Amino acid sequence: MFDFLADKLQSAFKSLTGKGILTEADVDAALRDLRLALLEADVALPAIKHLIAHVREQAVGQKVLGGVNPGQQVVKIVYDGLIELLGSQQEPELGVAPPAVILMCGLQGSGKTTSSAKLAAWLAKQGKRPYLASLDTHRPAAIEQLATLAKGLELPALESESKKPIERAKQALAAAKKALADVLILDTAGRLDVAPDLLDELAEIHKLSKPAATLLVADAQMGQSAVGVAEAFKTTVPLTGLILTRLDGDARGGAALSLRFITGVPIMFVGTGEATDKFEPFRPDGLASRILGQGDVVALVEKMQGAVDETETARLEQKLISGAQMDFTDIKKQLNMMRKMGGMAAMLELMPGMGALRGKIPGEALDKKALSRQIAIIDSMTPTERANPKLLNAKRRLRIAAGSGTTVQDVNKLAKMQEQLNQMTKMLRGGGLNNLKNMLRR
């Protein structure tokens, strides 16, 4: 996420962080690099000018020259400026008589229908009772798509056969009340571009449903062109928030760094993958920290909490403390946990100070597909082989490689990893039992 911009900014400030005293010329040089990096990242020009002016005002003069480490202080000023640009963390205001209506709008292909389902799942986790309704009678199978997603989440959705969006909206309001839903999410139709009939229909639905929140779904990979789309929708209905999709595939960051400042509308949620759980409230401080290569500890902890099975962790802890070794079944469970967290690359991005190591780590170690290959190798072993790694002779390794679609070298690497993990735990067991227990419980 934002790899391009992160690399550019870290390069821009590298010369500053090692200096004990900064001159105005030093700051000006860094600001030139910052401006170029933001332009190349497709950030809107007004947003760039605002950020540069903020940094210059705070960085030049006594605030920097009197600091203990002026270079780091400039980075902190840029961090504060990025947070100001991105806005504060906000969620939809739903303090109205239920069902509170959330109106979802956006262009076709922006991920609006998927985001509607993701938002419903997120609300359900917050203790709400969401109800889903598709009003998109234009795109083939749009209604069926939302119904399928709702079924997978075990959430109710409108089952009407009506092909008129306004009629479906009326039916959805009645059905949500009957179902005693807290929130009604209306997924409106989209177009390939901002068309007058699309906006007219949206305005009519807005007038009828009187939504508590109107959220625009925008594709982060559109860059600053997403700003023009947001402004067009904002002139039609009073937008209250934004959802940025495909943020995980956005290397530049133009949309995220432009939308809130240009439109004045807060980014409330971000989508970071196709799965319904790849959806989270937008945290400006975490994103600003990642852009500057400082990681995001809060996001890392949240990922770990979602991926770690406490019962399994306790079982493995007791096994290792007793002196037993990790077998391939244990390793498969750890690999699956790593895969849930997005792989090594995703973890490095969230760990403070580790983002800069991406270029120094072999690509294979950062490849999420490598985890799948390792799991496939273990799946190709017999239960006896998984429990007894020493049985893996040359003949067995050849069979396992063929069965998993990998090479003998891949099998050898996994076997070596199993040996090294057990050597490490043996060393810890010998002199650091408490350290081992603490490591497993984190």
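Rules behind the numbers
Residues numbered from 1 in each chain as written. Predicted model: local features only at pLDDT ≥ 70, side-chain atom pairs only at ≥ 80, totals over all residues. Heavy atoms only, no water. Salt bridge = Lys/Arg side-chain N within 4 Å of Asp/Glu carboxyl O. Buried < 20%, exposed > 50% of the residue type's maximum accessible area, 1.4 Å probe, protein only. Helix = DSSP H or I, 4+ residues; strand = E, 2+ residues; numbered from the N terminus. Axes fitted to C-alpha atoms, helices over the stretch in contact; angles between N-to-C directions. Parallel < 35°, antiparallel > 145°, perpendicular 65-115°, else oblique. Left-handed = near helix turned anticlockwise from the far one by under 90°. Contact = heavy atoms within 4.5 Å. Nonpolar A, V, L, I, M, F, W, Y, C, P; charged D, E, K, R; others polar. Pairing = 2+ DSSP bridges. Right-handed = clockwise from strand over helix to strand, strands pointing away. Lys, Arg positive; Asp, Glu negative; His and termini not counted. Polar contact = N/O pair within 3.5 Å; in protein donor to acceptor, adjacent residues only side chain to side chain. Patch = residues over 30% accessible without salt bridge, like charges linked within 9 Å, V, L, I, M, F, W, Y side chains within 5 Å. Areas by Shrake-Rupley, 256 points an atom, 1.4 Å probe, with all protein chains shown as cover. Phe/Tyr/Trp six-rings, centres within 6.5 Å; stacked < 30°, edge-to-face > 60°.

A. Spotlight on the pattern of salt bridges. Tallied over the full model, the rule gives nine salt bridges. Residue Arg283 pairs with Asp285 through a salt bridge whose shortest N-O separation is 3.8 Å. The exposure class of Arg283 is buried, given its relative accessible area of 17%. Residue classification places Asp285 among the partly exposed positions, given a relative accessible area of 34%. Note that Asp379 is salt-bridged to Lys332, the shortest N-O span being 2.7 Å. With Asp379 in helix α18 (residues 368-379) and Lys332 in helix α15 (residues 328-340), this pair connects stretches of sequence that are 47 residues apart. According to the relative accessible area criterion, Asp379 is partly exposed, its value standing at 38%.

B. Spatial organisation of the packing of helix α10 (residues 225-234) against helix α11 (residues 254-263). Where α10 contacts α11, the two axes come as close as 9 Å, and the packing angle between them is 30°. By the angle between their axes, α10 is roughly parallel relative to α11. When you trace α10 past α11, the crossing you get is right-handed. Contacts between α10 and α11 involve Ala226, Val227, Ala230, Glu231 and Lys234 from the former and Ala255, Ser258, Leu259, Ile262 and Thr263 from the latter. Among the residues forming the contact of α10 with α11, the class breakdown is six nonpolar, two polar and two charged.

C. View of the sheet that holds strand β2 (residues 130-134). Read from one edge of the open sheet, seven strands run β2-β3-β1-β4-β5-β6-β7, paired in mixed fashion. Taken across any chain shown, the strands that pair with only one partner, and hence form the sheet edges, are β2 and β7 (279-281). Neighbour-to-neighbour, the strand axes of the sheet open up by a mean angle of 20°, direction not taken into account. Judged from the four bridges that link them, strand β1 (residues 100-105) and strand β4 (residues 213-219) form a sheet pairing that is parallel. Of the residues in β4, the one forming a bridge with Ile102 is Ala213.

D. Fine view of the pairing of strand β5 (residues 241-245). With five of five residues buried, β5 lies mostly within the body of the structure. Here five bridges tie β4 to β5, and the two strands are oriented parallel to one another. Residue pairing across strands places Asp219 opposite Thr245, the latter belonging to β5. A crossover connection joins β4 to the parallel β5 through α10; in handedness this β-α-β unit is right-handed. Judged from the three bridges that link them, β5 and strand β6 (residues 267-271) form a sheet pairing that is parallel. Pairing of Leu242 across the sheet is with Ile267, part of β6.

E. Quick look at the side chain of Lys118. Mapped onto the fold, Lys118 is located in helix α6 (residues 112-125). The buried charged residue Lys118 lacks any salt bridge, with Glu274 as its nearest oppositely charged partner at 6.0 Å. There is a polar contact of 2.3 Å between the side chain of Lys118 and the backbone oxygen of Gly273. Of the polar contacts made by the side chain of Lys118, one reaches the backbone oxygen of Lys278; its length is 3.4 Å. Those residues within four positions of Lys118 in sequence are excluded, and the remaining contacts are Gly271, Gly273, Glu274, Ala275, Thr276, Lys278 and Phe279.

F. Seen up close, unusual backbone geometry. Omega for the peptide link from Pro98 to Pro99 comes to 0°, which places this bond in the cis form. Among the secondary structure elements, Pro99 is positioned in the loop between α5 (70-86) and β1. Phi at Ala141 is positive, roughly 70°, even though this residue is not glycine. By the secondary structure assignment, Ala141 is in the loop between β2 and α7 (142-152).

G. The arrangement of α10 in detail. Residues of α10 that are buried include every one of Ala226, Val227, Val229, Ala230, Ala232 and Phe233, and no others. Along its buried surface, α10 packs onto β1, α9 (196-209), β4 and α11.

H. Expanded view of the side chain of Thr214. Positionally, Thr214 belongs in strand β4. By relative accessible area, Thr214 is classed as buried at 1%. When near neighbours in sequence (up to four residues on either side) are disregarded, Thr214 contacts Leu103, Cys105, His206, Val237, Pro238, Leu239, Thr240 and Gly241.

I. Broad picture of a nonpolar patch on the surface. The grouping of Leu36, Leu39 and Leu45 at the surface amounts to a nonpolar patch, some 270 Å² of accessible area in total. Tracing the sequence through the fold places Leu45 in helix α3 (residues 45-59). The exposure class of Leu45 is partly exposed, given its relative accessible area of 44%.

J. Geometry of the packing of α6 against α7. Contact geometry for α6 and α7: axes closest at 10 Å, N-to-C directions at 25°. The pairing of α6 with α7 is recorded here as roughly parallel in orientation. Crossing angle aside, the handedness with which α6 passes α7 is right-handed. Counted together, Thr113, Thr114, Ser116 and Ala117 of α6 and Gln145, Leu146 and Leu149 of α7 form the full contact between these two elements. Here the residues of the contact of α6 with α7 sort into three nonpolar, four polar and no charged.

K. Focus on the packing of aromatic side chains. Across all of its chains, the model carries two aromatic pairs by this definition. Between Trp122 and Phe269, the ring centres sit 4.9 Å apart and the planes meet at 70°, which makes this aromatic pair edge-to-face. With Trp122 in helix α6 and Phe269 in strand β6, this pair connects stretches of sequence that are 147 residues apart. By relative accessible area, which is 0% here, Phe269 ends up buried. Through successive ring pairs, a cluster of aromatic residues spans Trp122, Phe269 and Phe279.

Remember, this is a structural readout, not a statement about activity or role.
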